[in-house]
Amino acid sequence: MSKHKALTGAIAALASVATLGALAAPALAADTTYSPNGKSVAELAQHGGAQRIAAIGNKKAKNVVLFIGDGMGDSEITVARDYLKGANGHFDGLDAVGQPSALGDVQAGTGQYTTFSVGNGSKDSAVGKDDDGKLVANPNPGKLTPVTDSSASGSSWATGTKTYNNAVDVDIYGNPQLNLFELAKAAGKATGNVTTAEIQDATPAVLESHSSERACYGPQGKTDGTSNNASKQCLINQLKENGGIGSISEQLLDTRADVTIGGGSKYFRQTVQGGEYKGKTVWEQAKEMGFQTVENDPAAMNALQYKDGQPVLALMSDGNMPTKFNPSKATAKDPAKDANPTVCTPNADWLGNQGSSLKDMTKKALDLLNDNPNGQKNGFFLQVEGASIDKQDHAGNACGQIGETDDFDQAIAYAMQNVDLSNTLVIVTADHAHTSQILNAQPAYALSTVLKTADGNNMVVSYGTAQEDSRDTDGGYNGGDMEHTGTQLRIAASGPGAQRVIGLTDQTDNFYTIAGALGLATSTESQKALSDNGTVKVSAADGKFTADVDGFNGDAVLSYELKDKNDKTVAASDSSTPLSGVRVKTAQTTPIALDGVTEGSEYELTVTGRQSGKAVTVDFQAPAANSADKNNGKPGVGAAGADKDGVIASGKVSDSAQAGPFGAALLGKTGTAVLAVAIAIAMLVAVAMLVKTAKAAKNDR
């Protein structure tokens, strides 16, 4: 090691100590808030910190299918069953999963799980924002919150990490947490994501993105592209034009799931604001990236077939998909409702009428994943969401939520008949409980709908969790303001490892059940190790220089710094927040454009994984494109000194790589003692490096 590099390393180590100390402060403060079981909020917010069955092992499965009924608590299941099947009726899908008698002698289990979050919005995190999208960090992040939203809930089962309401796969400090799709892709498995919601909505988003704000749908925010609301709905540091990893839609393309089917097509009409695809729509970006695209066309969706290297992106409606049943209204107490109970009617606009029911989309996803060579060889992970059970519950729309539960049940029933339960684990659950309740009579202080059930009886469904009275002029209600509730939820499973759902578990246990069954990396250390084989290749072509990064599969975000021979920083990624930097394209090549390079000059490039702390340093001389100098006789292609692929220099992860500025100090460590030890060790390393450098300098005099 040169004296220059040794000194640089020592200074970097000291800088890491300073950063670690700064990030430790909020964790130390949060340690003073305790939950009833004795764990602090900071401990519960760590990766795996909220598990209830951490000591239970896994049986292996080749495939996993996770069905999420959004907002589908026990009440919502019962409301739909009573109306559609009668009080003693039976769902072919929902009631079969977890019941050995219904499916033969397969492994099965049914239990309940807890859903609390650790923050009631971005204000409880270290990456909150103001109305202009600027960072407003809470110095004491984390707050025990009994009622979750869909994004915090989904992040729990997608990553194994509890977080705050509004977060998508980041912890309360803003650090991205690796999700099941990233881990499955790193293991060579096929991946699929199906929903009746906008594909950017919380539940599908947790498998394909990392965002401090769930509303950061696209590069222009949550808009159809005719306006730009990004600063209102995104932390501006996350936006690509500001050096961030990008919006949810842009990250969805970077994640590159094999199958993505849902709604939200209008958000892909937005214009990309920064990066390689600046000025193009997100749809145009998807097509240039090789996706098979379908926009609002059920027939085209059904005609899709597997094509090598061309993942499917089929968005079937501008927003959320139309519901199966026409809406009903919850109204104030009125004896006339008992005499004339509501009967739900079919919705002519429901896409199931055109071959795009949730069952149809599930069938297409399973066909594509089974035809995928990675799926055939290594297996697949598929998530299917019945999204509008929740959305119609918010609206006090009994018929709407019943129809969506029916659509969801039929998708489950199809899957159970068409997967092999000897090698496929099927899990059915929800993300949070909701407002609807079955009562004997109309309540005096809440709104309700009286329905005529399949067995001919009246059933009163009550809605009473809206925080404000927002009834319309007819005294009815479907304003969307009914609130979630915090009760535990049903979870049922059939197939290998189904017994892990028995008893009381937590949403984060679901991550370990799925990842463990598929043999994915679950611990922080095993996830970091996925970047052990990281490489960087610097190439030159037509006077432009690019670093191609591969193998950083234990990271969601990369940082880089390019220095000249005078140790001056020529270019660097933004490091202002954990969501700043370069989004990793898991199991793919992540390109970094090296701006500011002058032909003929010498440079040092360092690329660091922000989660793993793994780093690669590459020294190179930028050749002149038409120079006769062949760099000591090496053949040149496109640039002097380049190999046949245009590569002028390369490097790989060193065993001695140091943790980056937002490295894993906060990912797998809990409590003040661990942080203090980490800081002390880092300080000792830094001091030792400085001493070694000083001795080397003295010996060279």
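The coordinates are above.
Q: Which parts of the structure should I look at to understand the overall build of the protein chain?
A: What the protein chain contains, in helices and strands, is 19 helices and 26 strands. For the protein chain, the proportion of its 701 residues judged to be buried stands at 57%. Counting every atom, the protein chain has about 26,500 Å² of accessible surface; 48% of that belongs to carbon and sulfur.

Q: Sorry if this is basic, but what is going on with the packing of helix H13 (residues 358-371) against helix H16 (residues 398-418) here?
A: If you want to describe how two helices pack, look at the angle between their axes and the distance between the axes. Between H13 and H16, the shortest axis-to-axis distance is 8 Å and the interhelical angle comes to 30°. Overall, the two elements H13 and H16 adopt an arrangement that is roughly parallel. Regarding H13 and H16, the two cross each other, and that crossing is right-handed. Contacts from Leu358, Lys359, Thr362, Lys363 and Leu366 in H13 reach Asp407, Phe408, Gln410, Ala411, Tyr414 and Ala415 in H16. The residue makeup of the contact of H13 with H16, split by class, is six nonpolar, two polar and three charged.

Q: Help me understand the packing of aromatic side chains in this model?
A: Given two aromatic rings, one states the distance between the centres and the angle between the planes to describe the pair. For the structure on display, the rule yields six aromatic pairs. Taken together, a centroid distance of 5.2 Å and an interplanar angle of 50° make the contact between Phe268 and Trp283 tilted. Of the two residues, Phe268 sits in the loop between strand E6 (259-263) and helix H10 (282-288) while Trp283 sits in helix H10, which places them 15 residues apart along the sequence. You can call Trp283 buried: its relative accessible area is 6%.

Q: What exactly am I supposed to notice about the packing of helix H5 (residues 150-159) against helix H17 (residues 507-518) here?
A: Contact geometry of H5 with H17 gives a least axis separation of 6 Å together with a crossing angle of 30°. Put simply, H5 runs roughly parallel to H17. Considering only the axes of H5 and H17, their crossing is right-handed. Facing H5, whose interface residues are Ser153, Ser156, Trp157, Ala158 and Thr159, H17 presents Gln507, Thr508, Asn510 and Phe511. Of the residues contributing to the contact of H5 with H17, the split by class is three nonpolar, six polar and no charged.

Q: Help me understand the environment of Gly479 in this model?
A: Within the secondary structure, Gly479 sits in the loop between strand E15 (476-477) and strand E16 (489-494). The sequence separation of Gly479 and Asn397 amounts to 82 residues, and the corresponding C-alpha distance is 9.5 Å.

Q: Looking at this structure, I do not really get the sheet that holds strand E2 (residues 108-114). What am I missing?
A: If you walk across this open sheet you meet the 10 strands as E7-E8-E6-E5-E10-E1-E11-E16-E2-E17, and the pairing is mixed. Each edge of the sheet is formed by a strand with only one pairing partner; in this case those strands are strand E7 (292-295) and strand E17 (503-506). Neighbouring strand axes in the sheet, compared pairwise and without regard to direction, differ in orientation by 15° on average. Across four bridges, the pairing between E7 and strand E8 (residues 312-315) is parallel. Along E8, the bridge assignment pairs Thr293 with Leu313.

Q: Is there a simple way to think about the environment of Gly503 in this case?
A: Mapped onto the fold, Gly503 is located in strand E17. Once residues within four sequence positions are removed from consideration, Gly503 is found in contact with Thr110, Gly111 and Gln112.

Q: When you look at the pattern of salt bridges in this model, what are you seeing that I'm missing?
A: Two side chains with opposite charge may pair up if their charged atoms get near one another. Applying the stated criterion to the full structure yields 16 salt bridges. We note a salt bridge from Asp201 to Lys391, for which the minimum N-O separation is 2.7 Å. Of this pair, Asp201 sits in the loop between strand E5 (190-198) and helix H7 (202-205) while Lys391 sits in helix H15 (residues 388-394), and the two are 190 residues apart along the sequence. Asp406 is paired through a salt bridge with Lys324; the nearest N and O atoms lie 2.8 Å apart. You can see Asp406 sitting in helix H16 and its partner Lys324 sitting in the loop between E8 and strand E9 (330-331), a full 82 residues away along the chain. Each of the two residues, Asp406 as well as Lys324, counts as buried. The network of salt bridges with common partners includes Asp149, Asp201, Arg214 and Lys391.

Q: What is the right way to look at the pairing of E8 in this model?
A: It is a general feature of regular strands that their side chains alternate between the two faces of the sheet. Every second residue of E8 is oriented toward a common face, with Val312 and Ala314 on one face and Leu313 and Leu315 on the other, all of them buried. Examined bridge by bridge, E6 and E8 share four bridges and lie parallel to one another. The partner of Thr260 across the bridge, within E8, is Leu313.

Quick notes on the rules
Once a new chain begins, its residue numbering starts again from 1 and follows that chain's sequence as written. Reporting of local features is limited, given that this is a predicted model, to residues whose pLDDT is at least 70; pairs of side-chain atoms are given and counted only at 80 or more, and all residues count toward the totals for whole chains, interfaces and linings. Remark: hydrogens and water are excluded; side-chain values derive from all non-hydrogen atoms of the structure. Only runs of H or I of at least four residues qualify as helices and only runs of E of at least two qualify as strands under DSSP, and these elements are numbered from the N terminus. Classification of residues uses two cut-offs on accessible area relative to the type maximum, computed with a 1.4 Å probe and protein chains only: under 20% is buried, over 50% is exposed, and between them is partly exposed. Residue-level accessible areas treat just the shown protein chains as cover; the underlying method is Shrake-Rupley with a 1.4 Å probe. In this description, a line fitted to the C-alpha atoms serves as the axis of each element, helices being fitted only across the stretch in contact, and the angle between N-to-C directions of two axes falls anywhere from 0 to 180 degrees. Here roughly perpendicular refers to angles of 65 to 115 degrees, roughly parallel to angles under 35, roughly antiparallel to angles over 145, and oblique to all remaining angles. Handedness of a crossing is defined here by the sense of rotation of the near helix relative to the far one, left-handed for an anticlockwise turn of less than a right angle and right-handed for a clockwise turn. The criterion used for residue contact is that any of the two residues' heavy atoms lie within 4.5 Å. Three residue categories are used. Nonpolar comprises Ala, Val, Leu, Ile, Met, Phe, Trp, Tyr, Cys and Pro, charged comprises Asp, Glu, Lys and Arg, and polar comprises the others, including Gly. Here the aromatic set is Phe, Tyr and Trp, taking the six-membered ring for Trp, and pairing holds for ring centres within 6.5 Å; pairs whose planes are under 30 degrees apart are stacked, those over 60 apart are edge-to-face, and all others are tilted. In this analysis, strands are considered paired if DSSP registers two or more bridges between them. Salt bridges are defined as contacts in which a side-chain nitrogen from Lys or Arg sits within 4 Å of a carboxyl oxygen from Asp or Glu.

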